[in-house]
Amino acid sequence: MNQDTKTAVITGAGSGMGRASSLKLAEMGMNVVLVDYNLDGAEETLSLIREQGGDGIAVQADVSKADQVEAYVKQAMDQYGRIDVFFNNAGVIQKPFLFADISEEEFDRVVAVNFKGVFLGMKYVLKVMSEQGFGTIINTASTEGLKPEHSVAAYSATKHAVVSLTKSAALEYAQKGIRINAICPGGVNTNLVAGFQETIKTTGNVPEIAFPRIGRMADPAEIANVVAFLASEGASYMTGSIVAIDGGLTL
């Protein structure tokens with residue numbers, strides 16, 4: 001183990017954008033700490049990384065639980081001694097219901113992961129990065145953090161909150177060597193999106209989602225390319241930026 005090698009922590013690393021970004025950051029030569037609620041998924045990602053010659057560890061965690069977030073940050077530090085990049089990516093999609101029909105249980109579930117989970121991740125990683133005097137955080141928001149969408153009010157609210165958390169923290173840590181940005185994907189081919197499309201059939205609510213102007217959904221690797229850029233020195237003058245990766249969806 002070389003503690004001079006950069007280390008990236010990725011939540012939601014077991015599939016989709018998290019897996020693609022983990023592979024990309026490992027390809028860039030970083031050690032990776034792969035965090036996911038589904039440990040099997042994280043371990044599958046780790047196997048792929050090791051096949052390409054990379055190094056990492058897989059960690060099971062519920063990002064909405066403070067003790068488990070603190071634990072994955074500690075595991076990263078115990079293993080590698082530093083956190084250079086934090087891709088704060090774990091999230092869930094709301095079942096599509098009209099506002100008044102959203103259950104309190106569903107609201108709490110979405111807020112716990114998408115809002116509280118992002119907050120907790122930033123809270124504990126920022127402590128490490130502040131002591132280091134360097135680091136970069138990339139939060140996953142959504143195009144629904146830029147504009148609301150039909151039948152997913154709770155989800156949209158959490159993604160607007162991620163945008164706000166990103167800007168607030170970027171303002172506070174701009175002169176501490178820490179850059180904090182957010183991405184807003186829209187229309188990505190992931191298992192999460194596929195599951196959402198199946199849920200639409202059971203609820204009878206069809207969100208009025210416009211198709212990306214580019215004419216297709218994104219591949220997770222296309223999102224990973226932007227994450228890799230924001231994690232690199234090529235983005236050294238970017239902080240507090242909210243980057244849409246949506247094929248023109250929000251135009």
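Reading the values: the criteria
- Starting from 1, residues in each chain are numbered consecutively following that chain's sequence as written.
- Where local features are concerned, this predicted model is filtered to residues with pLDDT of at least 70; where side-chain atom pairs are given and counted, the filter is 80 or more; whole-chain, interface and lining totals use all residues.
- Calculation of side-chain values draws on the structure's entire complement of heavy atoms; hydrogens and water are dropped beforehand.
- UniProt positions are given in the numbering used here, feature names are shortened, and annotations may be inferred rather than shown by experiment.
- Strands are runs of DSSP state E lasting at least 2 residues, helices are runs of H or I lasting at least 4, and numbering of each runs from the N terminus.
- Helix span, as expected, comes to 1.5 Å for every residue beyond the first.
- Under the scheme applied here, a residue whose accessible area is under 20% of the maximum for its type counts as buried, over 50% as exposed, and between as partly exposed, the area being computed with a 1.4 Å probe on protein chains only.
- Our arc is simply the arc of the directions from the helix axis toward the C-beta atoms.
- Any two residues having at least one pair of non-hydrogen atoms within 4.5 Å are treated as being in contact.
- For two strands to be treated as a pair, DSSP must find no fewer than two bridges joining them.
- Within 6.5 Å between ring centres, the rings of Phe, Tyr and Trp (the latter by its six-membered ring) count as paired, and their orientation is classed by plane angle as stacked under 30 degrees, edge-to-face over 60, tilted in between.
- Here, a charge over a ring means that NZ of Lys or CZ of Arg falls within 6 Å of the ring centre while also lying within 35 degrees of the ring normal.
- Working convention: axes come from line fits to C-alpha atoms, limited for helices to the stretch in contact. Angles between N-to-C directions cover 0 to 180 degrees.
- Should an angle fall under 35 degrees it is called roughly parallel, over 145 degrees roughly antiparallel, and 65 to 115 degrees roughly perpendicular, with every other angle called oblique.
- Crossing chirality is assigned from the near helix's rotation relative to the far helix, an anticlockwise turn below a right angle marking it left-handed and a clockwise turn marking it right-handed.
- Criterion for a salt bridge: a side-chain nitrogen of Lys or Arg within 4 Å of a carboxyl oxygen of Asp or Glu.

Taking an unreviewed UniProt entry as the reference, the protein is identified by name as Glucose 1-dehydrogenase belonging to Paenibacillus melissococcoides. Under Sequence similarities (unreviewed entry), UniProt gives the following word-for-word description of the protein: "Belongs to the short-chain dehydrogenases/reductases (SDR) family."

## Quick word on helix H2 (residues 39-51)
Helix length check: H2, at 13 residues, gives a terminal C-alpha distance of 18 Å against a target of 18 Å (1.5 Å per residue), a fit within 8%. Considered for burial, the residues of H2 that qualify are Gly41, Ala42, Thr45, Leu46 and Ile49. When H2 is viewed along its axis, its buried side chains cluster within an angular range of 140° and face the same direction. Residues of H2 that are exposed and point over 90 degrees away from its buried face: Asp40 and Glu51. Lining the buried residues of H2 we find helix H1 (16-27), strand E2 (31-36) and strand E3 (56-60). At the exit of H2 stands Gly53, carrying a positive phi of roughly 90°.

## Thoughts on the pairing of strand E6 (residues 178-185)
For a regular strand, side chains alternate in direction, first toward one face of the sheet and then toward the other. Of all eight residues in E6, eight are buried; the element is thus mostly enclosed. Here E6 shows a buried face lined by Ile178, Ile180, Ala182 and Cys184 and a second buried face lined by Arg179, Asn181, Ile183 and Pro185. Two elements, strand E5 (residues 135-140) and E6, share six bridges in a ladder whose sense is parallel. By the bridge assignment, Gly135 is partnered in E6 with Ile178.

## Here's the deal with the environment of Ala244
Structurally, the position occupied by Ala244 is in strand E7 (residues 242-245). In this structure the C-alpha to C-alpha distance between Ala244 and Ala182, which are 62 residues apart in sequence, comes to 8.7 Å. Ignoring anything within four residues of it in the chain, the contact list for Ala244 reads Leu146 and Cys184.

## Notes on the pairing of E2
The element E2 is largely enclosed, with a buried count of six among its six residues. Residues of E2 alternate between two faces, with Asn31, Val33 and Val35 on one and Val32, Leu34 and Asp36 on the opposite face, all of them buried. Summarising the sheet, strand E1 (residues 7-11) and E2 pair through five bridges and their orientation is parallel. Looking at E2, one finds that Ile10 is bridged to Leu34.

## Looking at the packing of aromatic side chains
The tally for this structure, following the rule as stated, stands at zero aromatic pairs. The cationic tip of Lys123 hangs over the ring face of Tyr124; the distance from NZ or CZ to the ring centre is 5.8 Å.

## Examining the packing of H1 against H2
Interhelical geometry of H1 versus H2 gives an angle of 30° and a closest axis separation of 10 Å. With respect to each other, H1 and H2 are oriented roughly parallel. Seen from above, H1 lies across H2 with right-handed handedness. Listed contacts from H2 to Arg19, Ser22, Leu23 and Ala26 of H1 are Gly41, Glu44, Thr45, Leu48 and Ile49.

## Regarding the pattern of salt bridges
Tallied over the entire structure, the rule returns seven salt bridges. In this structure, Glu149 engages Lys147 in a salt bridge whose closest nitrogen and oxygen atoms are separated by 3.2 Å. Lys147 sits in the partly exposed class, given a relative accessible area of 29%.

## Focus on the sheet that holds E7
Overall, parallel pairing links the seven strands, which are arranged E3-E2-E1-E4-E5-E6-E7 in an open sheet. Single-partner strands in this sheet number two, and they are E3 and E7. Taking each pair of neighbouring strands and ignoring which way they run, the sheet shows an average axis angle of 15°. Helix-sheet contacts for helix H7 (residues 220-231) involve strand E4 (85-88), E5, E6 and E7, and the interaxial angle to E6 is about 165°.

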